[in-house]
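# Residue-level structure breakdown
The residues making up each chain are set out below.
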Amino acid sequence: MEFEAFRQIVAEEAAACGIELYELYYQREDLTRVSVFGHEVNEFSDASEGGVSLRCMAEGHMGYASTQALTQESARALVRRAAENAAVIEKDEPEFLAAGGQSYRTMPRRDLSLPEAGALRKLALAGQDALYAQAGVIDGCGSDVYALRETIAVTNSRGLSVRCENAVTALMMMAVVTDGKEKSSAYEQRSGTPESIPLSALAAKAAGNARAKLGAGTPPSGTMPVVFSPRAMADLLRTYAGVFSVENVRKGLSLLKDKEGGAIASDAVTLIDDPFYKDSAMPMPFDAEGTPTYEKNVIEHGVLKTLLYDLSSAAAMGKATTGNAARQSYADKIGVRPFTLRLEAGAYSEEALLQKAGDGVYIDSLGGLHAGANPISGDFSLQSGGFLIEGGKKTAPVRSFTVAGNFFTLLQDIVAVADEPMPPTGLGPTAFVSPGVLVKGLSIAGK
């Protein structure tokens, strides 16, 4: 059964049960993956999954229920289960449904068709050929191709009915190289049509980055300037993105309580949540509640302009929603998250950033982000890899050292921001983008 027919049955059953306030959230994902290891396909999967979640007001509370089955019987049962669940809810804080008739940004017309499995297999194998054509490459290289189409729809009893579809194809290439003494690896990822992905350039970049790490030593210990690569800084943003959620602030899981309107970072920092970022895999004109989304400065030249809100948290704080309601899946309750959280590019080339650093460490990989980073206090102690900075230039590769500091202090200590961000990685609706940044001083534990 199509979602529209399912929605009509839910509306009929809700009316029969005397339920006037309800919302349906529909999500479907079609994902094809081809994985190549060596020169052979070692994994192929083609799956579709999704379902519908209903929340409705009954007995003065909002009850939730979900189903994967889009049938007449499941539609009627969904309403009854949600009403029954509402009767046992003890949450006192009210929830809200978005009003219909709001204005949404018009999305450009996009090709939503996914490549055939044969074309994906061909792309993955061609990626392997491009990798093995690079100098120093040995067995162990891998190529993964993903093709994803996602459909999201939100409809409610207040006249809201919105729908969005996105489709993306992405290739990830892992190069393994050797100099005869040791091995090193690096990966690159790019999205686009199979014809538009630059295989040779991507393979050359992955292999070149892997070769550059061969013969790595250990940097000296001390407090010194650190330049984070675009990928490393994006990883830090991903790790600490939750601190900008008012949901976490209210739970005491963020130190940004009562900080809106105050300076929390250096003047060089402008952090933007952009649902329509030009390289986003999943641009969204509405959030998980159907509220219109928009580009917003979370931090503007160091000042915390806004936290991220959904309807319920905004009402509790006397604010307007920022359109950041989110669900991990159709069956999950509503939370808060960014779309594309990006650090705005600055005026420095990477060479100029290194020259400004003088002597220090360039970090292009961070490990242990789940175990070594505390998203509440902001403290981190992370295994790292990269290069020495000597006389304003990247020199010898280094690895097996620890960088330690605090995310909130790091934001204040960003001296300069580079002018070239890397494309976002990942296929989901949330992405993180950053140029390289120079931090004036972090603790390095090396030799």
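Residues numbered from 1 in each chain as written. Predicted model: local features only at pLDDT ≥ 70, side-chain atom pairs only at ≥ 80, totals over all residues. Heavy atoms only, no water.

### Side note on the pattern of salt bridges
Counted only if it meets this: The working definition used for a salt bridge is a side-chain nitrogen of Lys or Arg within 4 Å of a carboxyl oxygen of Asp or Glu. Strands here mean DSSP runs of E at least two residues long; helices mean DSSP runs of H or I at least four residues long; both are numbered from the N terminus. Three exposure classes are used, based on accessible area relative to the maximum for each residue type with a 1.4 Å probe and protein chains only: buried under 20%, partly exposed in between, and exposed over 50%.
Within the structure shown, the criterion is met by 22 salt bridges. Put simply, Asp30 and Arg149 hold a salt bridge, and the shortest N to O gap is 3.7 Å. With Asp30 in strand β1 (residues 22-37) and Arg149 in strand β4 (residues 142-156), the pair connects residues that are 119 residues apart, well separated along the chain. Close ionic contact of Arg399 with Glu182 constitutes a salt bridge, the shortest N to O distance being 3.2 Å. One end of the pair, Arg399, is in strand β16 (residues 393-406); the other, Glu182, is in the loop between β5 (161-178) and β6 (183-191), and 217 residues separate them in sequence. By relative accessible area, which is 36% here, Arg399 ends up partly exposed. Here the salt bridges do not stand alone but share partners, grouping Glu23, Arg55, Glu95, Glu289 and Arg327 into one network.

### Structural notes on the nonpolar core
Nonpolar side chains tend toward joint burial in soluble globular proteins. Keep this limit in mind: Among the buried residues, those of types Ala, Val, Leu, Ile, Met, Phe, Trp, Tyr and Cys that are joined through side-chain atoms within 4.5 Å form a nonpolar core. Residue contacts are defined here by distance: any two heavy atoms, one from each residue, within 4.5 Å place the two residues in contact.
By size, the foremost hydrophobic cluster in this structure holds 51 residues, and its most contacted members are Phe228, Phe244 and Ile299. The dominant element in this core, judged by the number of residues it contributes, is helix α5 (residues 230-240), at six residues. Not counting residues within four places of it along the chain, the set of residues in contact with Ile299 comprises Phe244, Ile264, Ala265, Val269, Thr270, Leu271, Leu304, Lys305 and Leu411. In terms of nonpolar packing, the next biggest core, distinct from the first, is built from 27 residues, Leu131, Ala147, Val177 and Leu199 among them.

### Here we look at the environment of Ser48
Quick note on the threshold: For the purposes of these results, a polar contact is taken to be a pair of N or O atoms within 3.5 Å, where, inside protein, one atom must be able to donate a hydrogen and its partner to accept one; residues adjacent in sequence count only when each atom of the pair is a side-chain atom.
In this fold, Ser48 is placed in strand β2 (residues 40-58). A relative accessible area of 44% places Ser48 in the partly exposed class. Sequence spacing of Ser48 and Leu31 is 17 residues, and the spatial spacing of their C-alpha atoms is 6.3 Å. Residues contacting Ser48, with those up to four places away along its chain left out, are Arg28, Glu29 and Asp30. Side chain to side chain, Ser48 and Arg28 meet in a polar contact 3.5 Å long.

### Focus: the side chain of Asn406
Here Asn406 shows up in strand β16. Apart from the residues within four sequence positions on either side, Asn406 is in contact with Ser377, Gly378, Asp379 and Phe380.

### Details of the sheet that holds strand β8 (residues 271-273)
The condition that has to hold: Paired strands are those between which DSSP finds at least two bridges. Fitting a line to C-alpha atoms yields each axis, with helices limited to the stretch in contact; the angle taken between N-to-C directions then spans 0 to 180 degrees.
With mixed pairing, the five strands of this open sheet are ordered in space as β10-β9-β8-β13-β18. Edge positions in the sheet fall to β10 (303-304) and β18 (431-433), since each has one partner strand and no second. Across three bridges, the pairing between strand β13 (residues 340-343) and β18 is parallel. Bridge pairing in β18 links Thr340 to Ala431. Its contacts with the sheet place α5 against β8, β13 and β18, and it is angled at close to 135° to β18.

### Some details on the layout of surface pockets
The line we're drawing: Each cavity reported here is a set of points on a 1 Å grid over the protein atoms alone in which a 1.4 Å probe fits but cannot get out, each pocket an open set with protein on both sides within 12 Å along at least five of seven lines, and each lining residue one with an atom within 4 Å of a point. Grid points are joined across faces, edges and corners, and a volume is the space filled by probe spheres set on the points. As a working rule, the residues Ala, Val, Leu, Ile, Met, Phe, Trp, Tyr, Cys and Pro are called nonpolar, Asp, Glu, Lys and Arg charged, and the rest polar, with Gly in that last group.
Approximately 1000 Å³ is the volume found for the largest pocket. As for the largest pocket, its lining consists of 46 residues, of which Arg327, Gln328, Arg337, Thr430 and Phe432 are closest to the centre. Looking at the lining of the largest pocket, the elements with two or more residues in it are β1, β2, β4, α5, β11 (325-326) and β12 (335-336). Residue composition of the lining of the largest pocket, grouped by class: 25 nonpolar, 12 polar and nine charged. Space inside the second largest pocket adds up to approximately 710 Å³. Breaking the lining of the second largest pocket down by element, the ones donating at least two residues are β6, α4 (199-212), β7 (222-228), α5, α8 (350-357) and β14 (360-367). The biggest single contributor to the lining of the second largest pocket is β6, with six residues. For the lining of the second largest pocket, the class distribution of residues is 15 nonpolar, eight polar and 11 charged.

### Thoughts on the sheet that holds β6
Taken in spatial order, the six strands line up as β3-β2-β1-β4-β5-β6 in an open sheet, and their pairing is antiparallel. With one partner strand each, in any of the chains shown, β3 (61-67) and β6 form the two edges of the open sheet. Along the sheet, successive strands turn relative to each other by an average axial angle of 15°, direction set aside. Together, β1, β2, β3 and β4 form the strand contacts of helix α1 (residues 3-16), whose direction differs from that of β1 by roughly 150°. Against the sheet, helix α2 (residues 72-86) engages β1, β2 and β3, with an angle of about 145° to β3.

### A few points about the pairing of β1
Summarising the sheet, β1 and β2 pair through 16 bridges and their orientation is antiparallel. Across the sheet, residue Val34 finds its bridge partner in β2, namely Phe44. The antiparallel pairing of β1 with β2 creates a hairpin that spans two residues between the two strands, and Gly38 there sits at a positive phi of about 70°. Where β1 meets β4, 15 bridges bridge the pair, whose relative direction is antiparallel. By the bridge assignment for β4, Glu23 is matched with Asn156.

### Things to note about unusual backbone geometry
Positive phi is not limited to glycine here, since Asp258 has a value of about 65°. Relative to the helices and strands, Asp258 is located in the loop between α6 (246-250) and β8. Although it is not a glycine, Ser400 sits at a positive phi angle of roughly 55°. Following the sequence through the fold, Ser400 ends up in strand β16. The exposure class assigned to Ser400 is exposed, which follows from its relative accessible area of 54%.

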